[in-house]
Amino acid sequence: MKYYDKLIFELSKEGRSACTLPLPDRKLELPETLRRSSKAVLPQVSEADVVRHYTNLSQMNFGVDTGFYPLGSCTMKYNPKINEEVASLPGFRDVHPLQPGAKGYEQLYEEMDKALASITGMAHFTFLPCAGAHGELTGLMLMRSYHESRGDFKRKRIIVPDSAHGTNPASAALCGLEVVVVKSGENGLVDVESLKPLLGDDLAGIMLTNPNTLGLFERDIKAIAELVHSCGGLLYYDGANMNALMGVVRPGDMGFDILHLNLHKTFSTPHGGGGPGSGPVGVCNKLVSLLPTVRTSAFHGNAGVILKAYAYILMLGKENIAKLGKLACLNANYIKEELKDCYKLPIDTVCKHEFVFDGLEGANTLDVAKRLLDYGYHAPTIYFPLLFHQAIMIEPTETESKETLDDFIAVMRKIACEAKENPELLHSAPHNTPVSRPDETLAARQPVLKWQSQ
Ligand SMILES: *Cc1c(COP(=O)(O)O)cnc(C)c1O
(Lines give C-alpha, C1' and ligand atoms only; values in the text may rest on other atoms or scores of the structure.)
Protein backbone atom coordinates (compact mmCIF):
# COMPACT_ATOMS: atom_id res chain seq x y z
CA MET A 1 0.00 0.00 0.00
CA LYS A 2 1.30 3.42 -0.91
CA TYR A 3 1.41 6.22 1.62
CA TYR A 4 -1.26 8.25 -0.18
CA ASP A 5 -3.72 5.38 -0.20
CA LYS A 6 -4.82 6.65 3.21
CA LEU A 7 -6.80 9.78 3.89
CA ILE A 8 -5.30 12.14 6.42
CA PHE A 9 -8.18 11.29 8.72
CA GLU A 10 -7.19 7.63 8.54
CA LEU A 11 -3.65 8.57 9.64
CA SER A 12 -5.05 10.26 12.72
CA LYS A 13 -4.03 8.99 16.22
CA GLU A 14 -5.60 10.43 19.34
CA GLY A 15 -3.27 12.95 21.01
CA ARG A 16 -0.78 13.30 18.15
CA SER A 17 -0.02 16.86 17.01
CA ALA A 18 2.08 18.75 14.50
CA CYS A 19 2.23 22.02 16.38
CA THR A 20 2.55 23.58 19.79
CA LEU A 21 0.78 26.86 20.42
CA PRO A 22 2.03 29.29 23.06
CA LEU A 23 -0.31 29.51 26.02
CA PRO A 24 -2.29 32.74 26.01
CA ASP A 25 -1.23 35.10 28.83
CA ARG A 26 -4.82 35.73 29.67
CA LYS A 27 -7.98 33.77 29.26
CA LEU A 28 -9.86 34.62 26.08
CA GLU A 29 -13.53 35.04 26.67
CA LEU A 30 -15.52 34.33 23.52
CA PRO A 31 -19.21 35.11 23.67
CA GLU A 32 -21.29 31.99 24.17
CA THR A 33 -22.91 32.30 20.71
CA LEU A 34 -19.52 32.11 18.98
CA ARG A 35 -18.32 29.02 20.86
CA ARG A 36 -18.39 25.48 19.50
CA SER A 37 -20.86 23.15 21.09
CA SER A 38 -18.68 20.14 20.21
CA LYS A 39 -15.02 19.60 19.39
CA ALA A 40 -13.89 20.21 15.80
CA VAL A 41 -13.31 16.96 13.89
CA LEU A 42 -9.68 17.42 12.88
CA PRO A 43 -7.07 14.78 12.07
CA GLN A 44 -4.48 14.36 14.82
CA VAL A 45 -1.20 13.77 13.06
CA SER A 46 2.51 14.49 13.48
CA GLU A 47 4.41 17.04 11.44
CA ALA A 48 6.07 14.28 9.38
CA ASP A 49 2.64 12.81 8.57
CA VAL A 50 1.30 16.18 7.45
CA VAL A 51 4.32 17.00 5.30
CA ARG A 52 4.40 13.58 3.65
CA HIS A 53 0.66 13.57 3.11
CA TYR A 54 0.55 16.89 1.27
CA THR A 55 3.84 16.38 -0.57
CA ASN A 56 2.55 13.06 -1.87
CA LEU A 57 -0.76 14.60 -2.87
CA SER A 58 1.04 17.38 -4.74
CA GLN A 59 2.94 14.75 -6.72
CA MET A 60 -0.27 13.11 -7.87
CA ASN A 61 -0.94 16.16 -10.00
CA PHE A 62 -0.10 16.36 -13.67
CA GLY A 63 0.63 19.60 -15.48
CA VAL A 64 2.79 21.14 -18.19
CA ASP A 65 5.50 21.53 -15.58
CA THR A 66 5.62 17.76 -15.00
CA GLY A 67 5.19 16.29 -18.46
CA PHE A 68 4.05 16.45 -22.08
CA TYR A 69 0.42 17.35 -22.57
CA PRO A 70 -0.86 16.55 -26.08
CA LEU A 71 -4.37 17.88 -25.45
CA GLY A 72 -5.98 18.74 -28.78
CA SER A 73 -8.12 21.88 -29.01
CA CYS A 74 -6.87 23.06 -25.65
CA THR A 75 -3.35 24.42 -26.25
CA MET A 76 -1.34 23.44 -23.19
CA LYS A 77 2.06 24.97 -23.74
CA TYR A 78 5.05 25.79 -21.63
CA ASN A 79 4.38 28.59 -19.12
CA PRO A 80 7.55 30.69 -18.84
CA LYS A 81 8.28 31.46 -15.20
CA ILE A 82 9.17 35.07 -16.03
CA ASN A 83 5.41 35.61 -16.57
CA GLU A 84 4.77 34.79 -12.92
CA GLU A 85 7.54 37.10 -11.76
CA VAL A 86 6.18 40.01 -13.76
CA ALA A 87 2.63 39.42 -12.52
CA SER A 88 3.83 39.45 -8.92
CA LEU A 89 5.79 42.72 -9.11
CA PRO A 90 4.45 44.72 -6.15
CA GLY A 91 3.65 47.75 -8.35
CA PHE A 92 1.11 45.61 -10.22
CA ARG A 93 0.14 43.11 -7.55
CA ASP A 94 -0.83 45.63 -4.88
CA VAL A 95 -3.01 47.93 -6.98
CA HIS A 96 -6.72 48.01 -6.19
CA PRO A 97 -8.99 48.16 -9.25
CA LEU A 98 -10.68 51.31 -7.89
CA GLN A 99 -7.38 53.06 -7.21
CA PRO A 100 -7.05 56.19 -9.35
CA GLY A 101 -3.91 56.93 -11.34
CA ALA A 102 -2.77 53.35 -11.97
CA LYS A 103 -0.75 54.51 -14.96
CA GLY A 104 1.17 51.25 -15.30
CA TYR A 105 -2.03 49.31 -15.85
CA GLU A 106 -3.33 51.92 -18.27
CA GLN A 107 -0.19 51.49 -20.31
CA LEU A 108 -0.44 47.70 -20.08
CA TYR A 109 -3.97 47.67 -21.50
CA GLU A 110 -3.05 50.12 -24.25
CA GLU A 111 0.00 48.16 -25.30
CA MET A 112 -1.80 44.81 -25.18
CA ASP A 113 -4.58 46.31 -27.29
CA LYS A 114 -1.99 47.35 -29.88
CA ALA A 115 -0.10 44.03 -29.77
CA LEU A 116 -3.22 41.87 -30.14
CA ALA A 117 -4.60 44.16 -32.84
CA SER A 118 -1.43 43.76 -34.86
CA ILE A 119 -1.33 39.96 -34.32
CA THR A 120 -5.00 39.44 -35.28
CA GLY A 121 -5.79 42.30 -37.68
CA MET A 122 -8.65 43.61 -35.53
CA ALA A 123 -9.09 47.30 -34.62
CA HIS A 124 -9.51 47.20 -30.82
CA PHE A 125 -10.05 44.84 -27.89
CA THR A 126 -12.01 44.62 -24.66
CA PHE A 127 -10.22 42.77 -21.88
CA LEU A 128 -13.24 42.16 -19.66
CA PRO A 129 -14.01 38.50 -20.45
CA CYS A 130 -12.37 36.02 -18.06
CA ALA A 131 -12.48 32.88 -20.25
CA GLY A 132 -12.89 31.80 -23.84
CA ALA A 133 -16.58 30.99 -23.47
CA HIS A 134 -17.04 34.32 -21.67
CA GLY A 135 -15.41 36.00 -24.67
CA GLU A 136 -17.78 34.19 -27.02
CA LEU A 137 -20.78 35.44 -25.10
CA THR A 138 -19.35 38.98 -25.04
CA GLY A 139 -18.59 38.84 -28.78
CA LEU A 140 -22.05 37.55 -29.64
CA MET A 141 -23.66 40.27 -27.50
CA LEU A 142 -21.62 42.75 -29.56
CA MET A 143 -22.89 41.09 -32.73
CA ARG A 144 -26.47 41.43 -31.55
CA SER A 145 -25.89 45.07 -30.46
CA TYR A 146 -24.47 45.83 -33.89
CA HIS A 147 -27.59 44.62 -35.69
CA GLU A 148 -29.93 46.28 -33.19
CA SER A 149 -28.00 49.58 -33.36
CA ARG A 150 -28.98 49.62 -37.05
CA GLY A 151 -32.63 49.04 -36.23
CA ASP A 152 -32.37 45.44 -37.48
CA PHE A 153 -34.13 43.25 -34.91
CA LYS A 154 -34.96 40.17 -36.94
CA ARG A 155 -31.48 38.58 -37.03
CA LYS A 156 -31.89 35.63 -34.66
CA ARG A 157 -30.05 32.77 -36.40
CA ILE A 158 -26.37 31.93 -36.19
CA ILE A 159 -24.51 29.32 -38.24
CA VAL A 160 -22.09 27.00 -36.42
CA PRO A 161 -20.24 24.12 -38.15
CA ASP A 162 -20.65 20.56 -36.84
CA SER A 163 -16.94 20.47 -35.94
CA ALA A 164 -17.22 23.51 -33.61
CA HIS A 165 -16.01 23.53 -30.02
CA GLY A 166 -18.98 22.80 -27.72
CA THR A 167 -18.87 26.24 -26.15
CA ASN A 168 -19.80 27.87 -29.51
CA PRO A 169 -23.39 26.64 -29.77
CA ALA A 170 -23.75 26.96 -25.98
CA SER A 171 -22.71 30.64 -25.99
CA ALA A 172 -24.98 31.34 -28.97
CA ALA A 173 -27.94 29.77 -27.19
CA LEU A 174 -27.16 31.73 -24.02
CA CYS A 175 -27.17 34.90 -26.11
CA GLY A 176 -30.68 34.08 -27.32
CA LEU A 177 -29.64 33.07 -30.83
CA GLU A 178 -30.95 30.07 -32.74
CA VAL A 179 -28.10 27.74 -33.73
CA VAL A 180 -28.13 26.38 -37.28
CA VAL A 181 -25.55 23.67 -37.97
CA VAL A 182 -23.59 23.61 -41.23
CA LYS A 183 -22.12 20.22 -42.14
CA SER A 184 -18.48 19.60 -42.94
CA GLY A 185 -17.71 18.01 -46.28
CA GLU A 186 -15.70 14.80 -46.84
CA ASN A 187 -12.51 16.86 -46.61
CA GLY A 188 -13.42 18.12 -43.11
CA LEU A 189 -14.00 21.70 -44.30
CA VAL A 190 -17.17 23.80 -44.27
CA ASP A 191 -19.04 22.97 -47.45
CA VAL A 192 -19.82 26.25 -49.25
CA GLU A 193 -22.74 24.71 -51.14
CA SER A 194 -24.35 23.54 -47.85
CA LEU A 195 -23.85 27.04 -46.47
CA LYS A 196 -25.76 28.90 -49.19
CA PRO A 197 -29.30 27.72 -48.31
CA LEU A 198 -28.74 28.77 -44.67
CA LEU A 199 -28.17 32.44 -45.49
CA GLY A 200 -30.90 35.08 -45.27
CA ASP A 201 -31.87 38.46 -43.85
CA ASP A 202 -32.59 36.86 -40.45
CA LEU A 203 -28.95 35.69 -40.11
CA ALA A 204 -26.95 37.32 -37.30
CA GLY A 205 -23.70 35.71 -38.41
CA ILE A 206 -21.47 32.65 -38.45
CA MET A 207 -19.06 31.33 -35.79
CA LEU A 208 -15.93 29.68 -37.12
CA THR A 209 -12.49 28.75 -36.09
CA ASN A 210 -9.76 28.60 -38.70
CA PRO A 211 -7.92 26.27 -38.67
CA ASN A 212 -10.99 24.33 -37.63
CA THR A 213 -11.24 21.78 -34.85
CA LEU A 214 -9.80 19.07 -37.14
CA GLY A 215 -6.69 21.22 -37.48
CA LEU A 216 -7.55 22.03 -41.11
CA PHE A 217 -7.41 25.45 -42.70
CA GLU A 218 -10.76 26.56 -44.15
CA ARG A 219 -9.50 27.33 -47.62
CA ASP A 220 -12.80 28.82 -48.75
CA ILE A 221 -12.79 31.41 -46.00
CA LYS A 222 -12.84 34.35 -48.45
CA ALA A 223 -15.90 32.95 -50.24
CA ILE A 224 -17.58 32.19 -46.88
CA ALA A 225 -16.91 35.75 -45.66
CA GLU A 226 -18.34 37.25 -48.86
CA LEU A 227 -21.48 35.11 -48.68
CA VAL A 228 -22.17 35.92 -45.01
CA HIS A 229 -21.41 39.63 -45.42
CA SER A 230 -23.53 39.89 -48.55
CA CYS A 231 -26.64 38.93 -46.58
CA GLY A 232 -25.80 41.36 -43.78
CA GLY A 233 -24.34 38.84 -41.30
CA LEU A 234 -21.10 39.12 -39.32
CA LEU A 235 -18.22 36.65 -38.93
CA TYR A 236 -17.17 35.54 -35.47
CA TYR A 237 -13.76 33.90 -35.03
CA ASP A 238 -13.06 31.49 -32.17
CA GLY A 239 -9.39 32.25 -31.58
CA ALA A 240 -8.93 30.17 -28.43
CA ASN A 241 -6.03 28.30 -30.04
CA MET A 242 -4.48 30.79 -32.41
CA ASN A 243 -1.01 29.19 -32.42
CA ALA A 244 -1.23 27.94 -35.96
CA LEU A 245 -1.80 31.38 -37.44
CA MET A 246 0.55 33.52 -35.41
CA GLY A 247 2.87 35.40 -37.65
CA VAL A 248 1.44 33.79 -40.80
CA VAL A 249 -2.11 35.08 -41.41
CA ARG A 250 -4.58 37.26 -39.51
CA PRO A 251 -8.29 36.61 -38.93
CA GLY A 252 -9.01 40.31 -39.57
CA ASP A 253 -7.58 39.93 -43.08
CA MET A 254 -9.75 36.86 -43.71
CA GLY A 255 -12.89 38.94 -43.18
CA PHE A 256 -13.70 38.23 -39.53
CA ASP A 257 -15.49 41.03 -37.67
CA ILE A 258 -15.28 39.80 -34.06
CA LEU A 259 -12.98 37.34 -32.30
CA HIS A 260 -11.87 36.18 -28.92
CA LEU A 261 -8.44 34.92 -27.91
CA ASN A 262 -7.65 32.67 -24.99
CA LEU A 263 -4.63 34.28 -23.35
CA HIS A 264 -4.56 31.14 -21.19
CA LYS A 265 -3.90 28.96 -24.24
CA THR A 266 -2.27 30.79 -27.12
CA PHE A 267 -0.38 33.28 -24.96
CA SER A 268 1.04 30.81 -22.48
CA THR A 269 -0.65 31.82 -19.25
CA PRO A 270 -1.40 28.73 -17.15
CA HIS A 271 -4.86 27.22 -17.08
CA GLY A 272 -6.72 24.20 -15.91
CA GLY A 273 -8.64 23.58 -12.74
CA GLY A 274 -11.04 26.38 -13.56
CA GLY A 275 -8.86 29.39 -14.08
CA PRO A 276 -8.00 32.17 -13.88
CA GLY A 277 -8.27 32.86 -17.57
CA SER A 278 -8.66 35.76 -19.95
CA GLY A 279 -10.63 35.86 -23.20
CA PRO A 280 -10.20 39.34 -24.71
CA VAL A 281 -12.54 40.17 -27.58
CA GLY A 282 -11.36 42.09 -30.63
CA VAL A 283 -13.59 43.80 -33.17
CA CYS A 284 -13.21 45.43 -36.57
CA ASN A 285 -13.59 49.20 -37.06
CA LYS A 286 -17.35 49.26 -37.57
CA LEU A 287 -17.96 47.71 -34.13
CA VAL A 288 -15.45 49.69 -32.07
CA SER A 289 -17.99 52.24 -30.82
CA LEU A 290 -20.05 49.37 -29.33
CA LEU A 291 -17.23 48.03 -27.13
CA PRO A 292 -18.11 50.09 -24.03
CA THR A 293 -21.77 49.02 -24.25
CA VAL A 294 -21.09 45.38 -23.39
CA ARG A 295 -19.71 44.95 -19.89
CA THR A 296 -19.47 41.33 -18.92
CA SER A 297 -17.25 41.46 -15.83
CA ALA A 298 -16.36 43.73 -12.95
CA PHE A 299 -13.48 46.20 -13.14
CA HIS A 300 -10.90 45.33 -15.82
CA GLY A 301 -11.07 41.55 -16.24
CA ASN A 302 -8.30 39.29 -14.95
CA ALA A 303 -5.49 41.87 -14.89
CA GLY A 304 -2.82 39.42 -13.66
CA VAL A 305 -3.42 37.06 -16.56
CA ILE A 306 -3.23 39.92 -19.06
CA LEU A 307 0.07 40.93 -17.51
CA LYS A 308 1.47 37.41 -17.94
CA ALA A 309 0.46 37.30 -21.60
CA TYR A 310 2.03 40.73 -22.08
CA ALA A 311 5.30 39.46 -20.59
CA TYR A 312 5.17 36.50 -22.98
CA ILE A 313 4.61 38.71 -26.03
CA LEU A 314 7.45 41.07 -25.06
CA MET A 315 9.74 38.18 -24.24
CA LEU A 316 9.30 36.72 -27.73
CA GLY A 317 9.16 39.96 -29.70
CA LYS A 318 7.76 40.37 -33.18
CA GLU A 319 10.45 38.26 -34.82
CA ASN A 320 9.87 35.18 -32.68
CA ILE A 321 6.07 35.49 -32.62
CA ALA A 322 6.29 35.19 -36.40
CA LYS A 323 7.85 31.72 -35.94
CA LEU A 324 5.18 30.34 -33.61
CA GLY A 325 2.61 29.37 -36.20
CA LYS A 326 5.17 27.56 -38.32
CA LEU A 327 6.62 25.62 -35.39
CA ALA A 328 3.17 24.66 -34.06
CA CYS A 329 2.27 23.25 -37.50
CA LEU A 330 5.63 21.53 -37.98
CA ASN A 331 5.36 19.74 -34.63
CA ALA A 332 1.81 18.53 -35.28
CA ASN A 333 2.63 17.32 -38.79
CA TYR A 334 5.75 15.54 -37.53
CA ILE A 335 3.77 13.43 -35.03
CA LYS A 336 1.01 12.78 -37.55
CA GLU A 337 3.41 11.53 -40.24
CA GLU A 338 5.37 9.36 -37.78
CA LEU A 339 2.24 7.64 -36.50
CA LYS A 340 -0.12 7.41 -39.43
CA ASP A 341 0.95 3.87 -40.32
CA CYS A 342 -0.35 2.55 -36.98
CA TYR A 343 -3.25 4.94 -36.23
CA LYS A 344 -6.10 5.57 -38.66
CA LEU A 345 -5.81 9.02 -40.25
CA PRO A 346 -9.23 9.78 -41.74
CA ILE A 347 -8.17 12.98 -43.51
CA ASP A 348 -4.66 12.50 -44.81
CA THR A 349 -3.47 15.99 -45.57
CA VAL A 350 -1.17 18.68 -44.18
CA CYS A 351 -2.60 19.78 -40.85
CA LYS A 352 -2.14 22.97 -38.90
CA HIS A 353 -1.49 22.97 -35.11
CA GLU A 354 -3.41 19.76 -34.40
CA PHE A 355 -4.87 16.67 -36.09
CA VAL A 356 -7.31 13.86 -35.43
CA PHE A 357 -6.77 10.10 -35.66
CA ASP A 358 -9.75 7.76 -35.79
CA GLY A 359 -8.50 5.02 -33.45
CA LEU A 360 -6.37 1.96 -34.18
CA GLU A 361 -6.63 -1.80 -34.53
CA GLY A 362 -7.15 -3.98 -31.48
CA ALA A 363 -8.28 -1.44 -28.90
CA ASN A 364 -10.52 1.54 -28.59
CA THR A 365 -9.48 5.12 -28.10
CA LEU A 366 -10.29 5.16 -24.39
CA ASP A 367 -7.81 2.28 -23.91
CA VAL A 368 -5.05 4.22 -25.68
CA ALA A 369 -5.70 7.32 -23.57
CA LYS A 370 -5.64 5.27 -20.36
CA ARG A 371 -2.48 3.41 -21.34
CA LEU A 372 -0.67 6.70 -22.03
CA LEU A 373 -1.10 7.54 -18.33
CA ASP A 374 0.98 4.47 -17.46
CA TYR A 375 3.80 5.90 -19.54
CA GLY A 376 3.64 9.28 -17.80
CA TYR A 377 1.76 11.31 -20.43
CA HIS A 378 -1.40 13.30 -20.09
CA ALA A 379 -4.11 11.81 -22.30
CA PRO A 380 -4.93 13.59 -25.57
CA THR A 381 -8.45 14.85 -26.24
CA ILE A 382 -10.61 11.83 -27.09
CA TYR A 383 -14.03 11.27 -28.68
CA PHE A 384 -13.99 14.87 -29.90
CA PRO A 385 -14.77 16.19 -32.43
CA LEU A 386 -17.82 14.00 -32.87
CA LEU A 387 -17.18 13.49 -36.59
CA PHE A 388 -15.18 10.29 -35.97
CA HIS A 389 -16.24 7.49 -33.62
CA GLN A 390 -12.75 6.83 -32.22
CA ALA A 391 -11.37 10.35 -32.39
CA ILE A 392 -7.96 11.02 -30.79
CA MET A 393 -7.02 14.65 -31.11
CA ILE A 394 -3.39 15.67 -30.68
CA GLU A 395 -1.85 19.11 -30.33
CA PRO A 396 1.82 19.16 -29.33
CA THR A 397 2.21 22.99 -29.43
CA GLU A 398 5.24 24.89 -30.68
CA THR A 399 7.08 24.82 -27.36
CA GLU A 400 8.00 21.10 -27.36
CA SER A 401 11.39 19.86 -28.53
CA LYS A 402 11.97 17.18 -31.17
CA GLU A 403 13.27 14.85 -28.42
CA THR A 404 10.00 15.15 -26.46
CA LEU A 405 8.00 14.49 -29.62
CA ASP A 406 10.19 11.47 -30.48
CA ASP A 407 9.66 9.95 -27.02
CA PHE A 408 5.90 10.43 -27.34
CA ILE A 409 5.89 8.90 -30.82
CA ALA A 410 7.82 5.87 -29.53
CA VAL A 411 5.28 5.34 -26.74
CA MET A 412 2.33 5.71 -29.11
CA ARG A 413 3.89 3.11 -31.40
CA LYS A 414 4.48 0.78 -28.46
CA ILE A 415 0.82 1.13 -27.45
CA ALA A 416 -0.23 0.30 -31.01
CA CYS A 417 1.84 -2.94 -30.77
CA GLU A 418 0.35 -3.78 -27.39
CA ALA A 419 -3.13 -3.30 -28.86
CA LYS A 420 -2.40 -6.08 -31.36
CA GLU A 421 -0.40 -8.43 -29.15
CA ASN A 422 -1.94 -8.03 -25.72
CA PRO A 423 -5.12 -5.96 -25.91
CA GLU A 424 -6.12 -6.96 -22.35
CA LEU A 425 -3.19 -4.88 -21.08
CA LEU A 426 -4.87 -1.84 -22.62
CA HIS A 427 -8.43 -2.69 -21.61
CA SER A 428 -7.39 -2.76 -17.96
CA ALA A 429 -5.03 0.28 -18.09
CA PRO A 430 -3.93 2.39 -16.32
CA HIS A 431 -1.93 0.15 -14.00
CA ASN A 432 0.47 2.67 -12.43
CA THR A 433 -1.89 5.43 -11.27
CA PRO A 434 -3.40 5.76 -7.77
CA VAL A 435 -6.87 5.24 -9.24
CA SER A 436 -7.39 2.96 -12.23
CA ARG A 437 -10.73 3.21 -14.04
CA PRO A 438 -13.45 4.89 -12.05
CA ASP A 439 -17.06 4.59 -13.16
CA GLU A 440 -16.88 7.80 -15.18
CA THR A 441 -20.62 8.39 -15.33
CA LEU A 442 -21.01 7.96 -11.59
CA ALA A 443 -17.90 10.10 -10.96
CA ALA A 444 -19.35 12.90 -13.12
CA ARG A 445 -22.93 12.71 -11.84
CA GLN A 446 -22.30 12.07 -8.16
CA PRO A 447 -18.77 13.23 -7.47
CA VAL A 448 -17.45 12.66 -3.95
CA LEU A 449 -15.20 15.66 -3.57
CA LYS A 450 -14.60 15.79 0.15
CA TRP A 451 -14.40 13.63 3.20
CA GLN A 452 -17.41 13.79 5.44
CA SER A 453 -17.46 13.10 9.11
CA GLN A 454 -20.42 11.04 10.33
C1 LIG B 1 -10.87 26.12 -24.87
C2 LIG B 1 -11.69 26.55 -26.01
C3 LIG B 1 -12.82 27.36 -25.81
C4 LIG B 1 -13.33 27.76 -24.43
O5 LIG B 1 -12.41 28.44 -23.65
P6 LIG B 1 -12.60 28.48 -22.05
O7 LIG B 1 -11.56 29.42 -21.56
O8 LIG B 1 -12.40 27.08 -21.57
O9 LIG B 1 -13.98 28.96 -21.77
C10 LIG B 1 -13.53 27.78 -26.92
N11 LIG B 1 -13.18 27.39 -28.16
C12 LIG B 1 -12.10 26.59 -28.39
C13 LIG B 1 -11.77 26.20 -29.79
C14 LIG B 1 -11.33 26.14 -27.33
O15 LIG B 1 -10.29 25.34 -27.55
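The structure presented is a predicted model; accordingly, all values stated were derived computationally and were not measured.

Visitor: Looking at this structure, I do not really get the overall build of the protein. What am I missing?
Guide: Helices and strands together make up the secondary structure of the protein, namely 14 helices and 10 strands. With the principal axes as the frame, the protein shows a C-alpha extent of 80 × 65 × 45 Å. Within the span of the protein, comprising 454 residues, buried residues form 46% of the whole. Excluding contacts between residues fewer than 6 apart, the proportion of contacts in the protein whose partners are at least 24 apart in sequence is 72%. Carbon and sulfur atoms make up 55% of the accessible area of the protein, which totals about 23300 Å². The centroid of the 46 positive side-chain charges in the protein is displaced by 4 Å from the centroid of its 53 negative side-chain charges.

Visitor: Could you clarify how one ought to interpret the side chain of His353 in this entry?
Guide: Mapping His353 onto the fold places it in the loop between α10 (303-339) and β8 (355-358). Residue class for His353 comes out buried when judged on its relative accessible area of 2%. Excluding residues within four positions of it along the chain, His353 makes contact with Pro211, Asn241, Ala244, Ala328, Cys329, Ala332, Ile394, Glu395 and Pro396.

Visitor: Please explain the pairing of strand β2 (residues 157-161) as it appears in this structure.
Guide: Side-chain direction in a regular strand flips from residue to residue, so the side chains alternate between the two faces of the sheet. The buried fraction of β2 amounts to 5 of the 5 residues, a majority that puts the element mostly inside the structure. Burial of β2 is two-sided: the residues Arg157, Ile159 and Pro161 facing one way and the residues Ile158 and Val160 facing the other way are all buried. Of the pairings in the sheet, the one linking β2 to strand β3 (residues 178-182) comprises 5 bridges and is parallel in character. Directly across from Arg157, in β3, lies its bridge partner Glu178. In terms of handedness, the path from β2 via helix α6 (residues 167-174) over to β3 forms a crossover that is right-handed. Pairing of β2 with strand β4 (residues 203-208), which is carried by 3 bridges, proceeds in the parallel orientation. Following the sheet pairing, Ile158 is matched in β4 by Gly205.

Visitor: What exactly am I supposed to notice about the site of the ligand here?
Guide: Of all residues adjacent to the ligand, which total 13 residues, the nearest are Ser73, Gly132, Asp238, His264 and Lys265. Between the ligand and Gly132 there is a distance of 2.8 Å, counted from an oxygen atom to a backbone nitrogen or oxygen. Within the side chain of Lys265, one N or O atom sits 2.8 Å away from an oxygen atom of the ligand. Here the ligand loses 85% of its free accessible area of 380 Å² to cover by the protein chains. Here the element with the most residues in the shell around the ligand is helix α5 (residues 132-149); it accounts for 3 residues. Residue composition of the shell around the ligand, grouped by class: 3 nonpolar, 7 polar and 3 charged.

Visitor: Help me understand the packing of helix α4 (residues 103-120) against α10, please; the structure alone is not making it clear to me.
Guide: At their nearest, the axes of α4 and α10 sit 10 Å apart, and the two run at 50° to each other. In terms of orientation, α4 and α10 fall into the oblique class. In this structure, the crossing between α4 and α10 has a hand that is left-handed. Across from Tyr105, Leu108, Tyr109, Glu111, Met112, Ala115, Leu116 and Ile119 in α4, the residues of α10 making contact are Ala303, Ile306, Leu307, Ala309, Tyr310, Ile313 and Ile321.

Visitor: Before we go on, may I ask you to explain helix α11 (residues 365-374) in this structure?
Guide: One turn of the α-helix equals 3.6 residues, which is why residues spaced by three or four share an orientation. Burial analysis of α11 places 8 of its 10 residues in the buried class, the great majority of the element. Every buried residue of α11 is accounted for by Thr365, Asp367, Val368, Ala369, Lys370, Arg371, Leu372 and Asp374. Backbone geometry just downstream of α11 places Gly376 in the positive-phi region, at approximately 85°.

Visitor: Which parts of the structure should I look at to understand the sheet that holds strand β9 (residues 381-382)?
Guide: Pairing between the strands of a sheet is mediated by backbone hydrogen bonds and can be parallel or antiparallel. Pairing is antiparallel across the open sheet formed by 3 strands, whose spatial order is β8-β10-β9. The open sheet is flanked by β8 and β9, the only strands paired with a single partner. Both β9 and strand β10 (residues 391-394) contribute to a ladder of 2 bridges, which runs antiparallel. The residue bridging Ile382 from the neighbouring strand is Ile392, located in β10. Packed onto the sheet, α10 meets β8 and β10 and runs at close to 20° relative to β8.

Visitor: I'm lost on the sheet that holds strand β7 (residues 281-283) in this one. Help?
Guide: Spatially, the 7 strands line up as an open sheet ordered β1-β7-β6-β5-β4-β2-β3, and their pairing is mixed. This sheet does not close on itself; its edge strands, each paired only once, are β1 (124-126) and β3. Neighbouring strand axes in the sheet, compared pairwise and without regard to direction, differ in orientation by 25° on average. Its contacts with the sheet put helix α8 (residues 221-230) on β4 and β5 (234-239), and the angle it makes with β4 is roughly 160°.

Visitor: In this structure, what is going on with a nonpolar patch on the surface? I would like to understand it.
Guide: The grouping of Leu7, Val41 and Trp451 at the surface amounts to a nonpolar patch, some 270 Å² of accessible area in total. Mapping Leu7 onto the fold places it in the segment before α1 (47-58). Overall, Leu7 belongs to the partly exposed group, its relative accessible area being 42%.

Thresholds, definitions, all that
Residues numbered from 1 in each chain as written. Predicted model: local features only at pLDDT ≥ 70, side-chain atom pairs only at ≥ 80, totals over all residues. Heavy atoms only, no water. Helix = DSSP H or I, 4+ residues; strand = E, 2+ residues; numbered from the N terminus. Buried < 20%, exposed > 50% of the residue type's maximum accessible area, 1.4 Å probe, protein only. Contact = heavy atoms within 4.5 Å. Areas by Shrake-Rupley, 256 points an atom, 1.4 Å probe, with all protein chains shown as cover. Lys, Arg positive; Asp, Glu negative; His and termini not counted. Charge placed at Lys NZ, Arg CZ, Asp CG, Glu CD. Pairing = 2+ DSSP bridges. Right-handed = clockwise from strand over helix to strand, strands pointing away. Near = heavy atom within 4 Å. Polar contact = N/O pair within 3.5 Å; in protein donor to acceptor, adjacent residues only side chain to side chain. Nonpolar A, V, L, I, M, F, W, Y, C, P; charged D, E, K, R; others polar. Axes fitted to C-alpha atoms, helices over the stretch in contact; angles between N-to-C directions. Parallel < 35°, antiparallel > 145°, perpendicular 65-115°, else oblique. Left-handed = near helix turned anticlockwise from the far one by under 90°. Patch = residues over 30% accessible without salt bridge, like charges linked within 9 Å, V, L, I, M, F, W, Y side chains within 5 Å. Salt bridge = Lys/Arg side-chain N within 4 Å of Asp/Glu carboxyl O.

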